[in-house]
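What follows is the residue order along each chain.
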Amino acid sequence: MSNKVMITNDQKAVKVPAGLRILIRRACNAVLEYEKFDGSAEISVTFVDNAKIAELNNEYRAKPMPTDVLSFPLGQDGVYDINENNGCKMLGDIVISMERAMEQAELYGHPLQREVAFLTVHSMLHLLGYDHENGGIEAVRMREKEEAVLTQLGLPRTVSYVAEEE
């Protein structure tokens with residue numbers, strides 16, 4: 001059984017680089033492997049622009065501003081609905097602002113691919129139930145997991161990354 005990662009491009013602001021979809025699939029698979037996820041997972045990833053993510057951020061988090069990524073987990077405490085068609089556990093949706101990812105990549109001086117891979121790994125951990133909203137040990141543990149997975153993907157963190165408005 002293999003994982004299903006559906007990727008949709010719903011924006012025209014940023015050209016999606018060749019190989020990015022493969023990298024996203026690798027990032028999703030690497031997190032599931034690292035977390036010893038049982039069974040197959042289904043994840044949907046959507047690329048949007050800043051206007052769209054600001055709209056979603058306002059609607060779901062009451063923050064009327066663009067953010068880099070939003071995670072919409074479908075599972076609850078490790079329990080997931082199964083997609084009848086493929087037998088996969090439905091983890092949820094990842095929405096990435098390609099505009100914001102591009103801005104951050106430029107800010108941190110690394111490629112867009114690296115930024116999108118980081119956002120995907122970060123979001124996958126949210127879909128699996130990790131949280132950093134309260135900071136402290138949870139946030140540290142989440143960052144350690146991100147590091148480990150990104151290093152596995154051959155993308156070790158080169159700069160200290162601090163999410164500014166999460």
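In case you missed it, the structure is sitting above this.
Residues numbered from 1 in each chain as written. Predicted model: local features only at pLDDT ≥ 70, side-chain atom pairs only at ≥ 80, totals over all residues. Heavy atoms only, no water.

Caption draft 1: Structural detail: the overall build of the protein chain. Broken down by element type, the protein chain carries 5 helices and 4 strands. Helices and strands appear in the protein chain in the N-to-C order β-α-β-α-β-β-α-α-α. On C-alpha atoms alone, the protein chain measures out to a radius of gyration of 15 Å, which is about the 15 Å that the 2.2 N^0.38 rule sets for 166 residues. With respect to the principal axes defined by its C-alpha atoms, the protein chain has extents near 40 × 35 × 30 Å. Buried residues in the protein chain amount to 46% of all 166 residues. Sequence separation of at least 24 residues holds for 69% of the intrachain contacts in the protein chain that already meet a minimum separation of 6. Summed over its atoms, the accessible surface of the protein chain is roughly 8,600 Å², and 51% of this surface lies on carbon and sulfur atoms. With 17 positive and 26 negative side-chain charges, the protein chain shows a separation of 5 Å between the mean positions of the two kinds. (Helix = DSSP H or I, 4+ residues; strand = E, 2+ residues; numbered from the N terminus. Rg over C-alpha atoms; globule rule 2.2 N^0.38 Å. Buried < 20%, exposed > 50% of the residue type's maximum accessible area, 1.4 Å probe, protein only. Contact = heavy atoms within 4.5 Å. Areas by Shrake-Rupley, 256 points an atom, 1.4 Å probe, with all protein chains shown as cover. Lys, Arg positive; Asp, Glu negative; His and termini not counted. Charge placed at Lys NZ, Arg CZ, Asp CG, Glu CD.)

Caption draft 2: Molecular detail of the sheet that holds strand β3 (residues 69–73). Ordered in space as β1-β2-β4-β3, the 4 strands form an open sheet in which the pairing is mixed. Both outer strands of the open sheet, β1 (4–9) and β3, are each paired with one neighbouring strand and no more. The sheet shows a mean angle of 15 degrees between the axes of neighbouring strands, direction not considered. Of the pairings in the sheet, the one linking β3 to strand β4 (residues 89–97) comprises 5 bridges and is antiparallel in character. Following the sheet pairing, Pro-73 is matched in β4 by Gly-92. Where helix α2 (residues 50–61) meets the sheet, it contacts β2 (41–48), β3 and β4, and its direction lies at approximately 45 degrees from that of β3. Seen against the sheet, helix α3 (residues 98–108) touches β2 and β4 and runs at an angle of roughly 65 degrees to β4. (Pairing = 2+ DSSP bridges. Axes fitted to C-alpha atoms, helices over the stretch in contact; angles between N-to-C directions.)

Caption draft 3: View of the layout of surface pockets. One number sums up the size of the largest pocket: a volume of about 250 Å³. What lines the largest pocket is a set of 14 residues, among which Arg-61, Ser-71, Pro-73, His-126 and Glu-133 lie closest to the centre. Looking at the lining of the largest pocket, the elements with two or more residues in it are α2, β3 and α4 (112–127). It is β3 that provides the largest number of residues to the lining of the largest pocket, a total of 5 residues. Of the residues in the lining of the largest pocket, the class split is 6 nonpolar, 4 polar and 4 charged. (1 Å grid on protein atoms, 1.4 Å probe; cavity = no way out; pocket = protein on both sides within 12 Å on 5 of 7 lines; lining within 4 Å. Points joined across faces, edges and corners; volume = space filled by probe spheres on them. Nonpolar A, V, L, I, M, F, W, Y, C, P; charged D, E, K, R; others polar.)

Caption draft 4: View of unusual backbone geometry. The phi dihedral of Lys-36 falls on the positive side, at around 50 degrees, and the residue is not glycine. Along the chain, Lys-36 falls in the loop between α1 (20–34) and β2. Under the relative-accessibility criterion, Lys-36 is labelled exposed at 71%. Even without being glycine, Ala-62 reaches a positive phi, approximately 55 degrees. Counting through the fold element by element, Ala-62 comes out in the loop between α2 and β3. Accessibility expressed as a relative area gives 61% for Ala-62, which makes it exposed.

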